[in-house]
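# Architecture at a glance
As a plain string of letters, each chain reads:
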Amino acid sequence: MKTALDVLLVEDDIEVREAVARALRSEDLTVEVAADVAGAVARLRHTQHSIVLCDLMLPGFSGFDLLDRVAGDRPHVPVVLITGYATIENALQAFKRGAFDFLPKPFDVAELLGVVRRAFRVLAGGVLI
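Just so you know, the residues in each chain are numbered from 1, in the order the chain's sequence is written. pLDDT decides what is reported in this predicted model: residues at 70 or higher carry local features, side-chain atom pairs at 80 or more are listed and counted, and totals for whole chains, interfaces and linings draw on all residues regardless. Only heavy atoms go into the side-chain values, all of them from the structure, while hydrogens and water stay out.

This next bit is on the packing of helix α1 (residues 14–25) against helix α5 (residues 109–123). Axis angles are defined between N-to-C directions and span 0 to 180 degrees, where every axis is a line fitted to C-alpha atoms and, for a helix, only to the segment in contact. The secondary structure listing takes helices from DSSP runs of H or I that are at least 4 residues long and strands from runs of E that are at least 2 residues long, numbered from the N terminus. Two elements in contact, α1 and α5, have axes whose closest approach is 10 Å; the angle formed by their N-to-C orientations is 60 degrees. Comparing their axes, α5 and α1 come out oblique. Crossing geometry of α1 relative to α5 is assigned as right-handed. Touching V20, A23 and L24 of α1 are V109, L112, L113 and V116, all from α5. When residues are sorted by character, Ala, Val, Leu, Ile, Met, Phe, Trp, Tyr, Cys and Pro go into the nonpolar class, Asp, Glu, Lys and Arg into the charged class, and all the rest, Gly among them, into the polar class. Partitioned by chemical class, the residues of the contact of α1 with α5 number seven nonpolar, no polar and no charged. Here is the rule for angles: anything less than 35 degrees is roughly parallel, anything more than 145 is roughly antiparallel, 65 through 115 is roughly perpendicular, and the remaining ranges are oblique. Handedness of each helix crossing follows the sense of rotation of the near helix against the far helix: counterclockwise by less than a right angle gives left-handed, clockwise gives right-handed. Contact definition: two residues touch when any of their heavy atoms are within 4.5 Å.

This next bit is on unusual backbone geometry. Cis geometry marks the peptide bond from K105 to P106, where omega comes out at -5 degrees. You can see P106 is positioned in the loop between β5 (101–104) and α5. The backbone of D28 shows a phi angle near 65 degrees, a positive value even though the residue is not glycine. As for its position among the elements, D28 is in the loop between α1 and β2 (30–34). We call a residue buried when its accessible area falls under 20% of the maximum for its residue type, exposed when it is over 50%, and partly exposed in between, using a 1.4 Å probe and counting protein chains only. Using a relative accessible area of 34% as the deciding quantity, one classes D28 as partly exposed.

Now for the packing of helix α2 (residues 37–46) against helix α3 (residues 63–73). At a minimum axis distance of 10 Å, the contact between α2 and α3 shows a crossing angle of 20 degrees. Judged by the angle between their axes, α2 and α3 are roughly parallel. In the crossing of α2 with α3, the sense of the turn from one axis to the other is right-handed. Residues V37, A40, V41, L44 and R45 of α2 touch α3, and the partners they reach there are L66, R69 and V70. Here the contact of α2 with α3 is built from residues that sort into six nonpolar, no polar and two charged.

See the structure below:
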């Protein structure tokens, strides 16, 4: 059974993109992918995504750029930044700009799905402790 909840995954590394998409689809989530910010913005124009998962370091524009765009246009959409450059500065910047969460690479499937489930609970009006 497919859910109405879907994820836009923005990741330039094809192996990571395929692995994350596979993990999300195993939970019956609909996943749309983009390899860069321009592709993500194009998809966001045509589809209402529930959650955005975005790599921080992308060709051209960064995940911060997409975060700023989503936070400005659709502040109700949780954005999770994923990165191999997990510094305190990057994490603080992500949260200051409105990220829902910041997930350092490498992460395991349980971590990823936990963050996504939390985001869906928040969307559904659930209270997190």
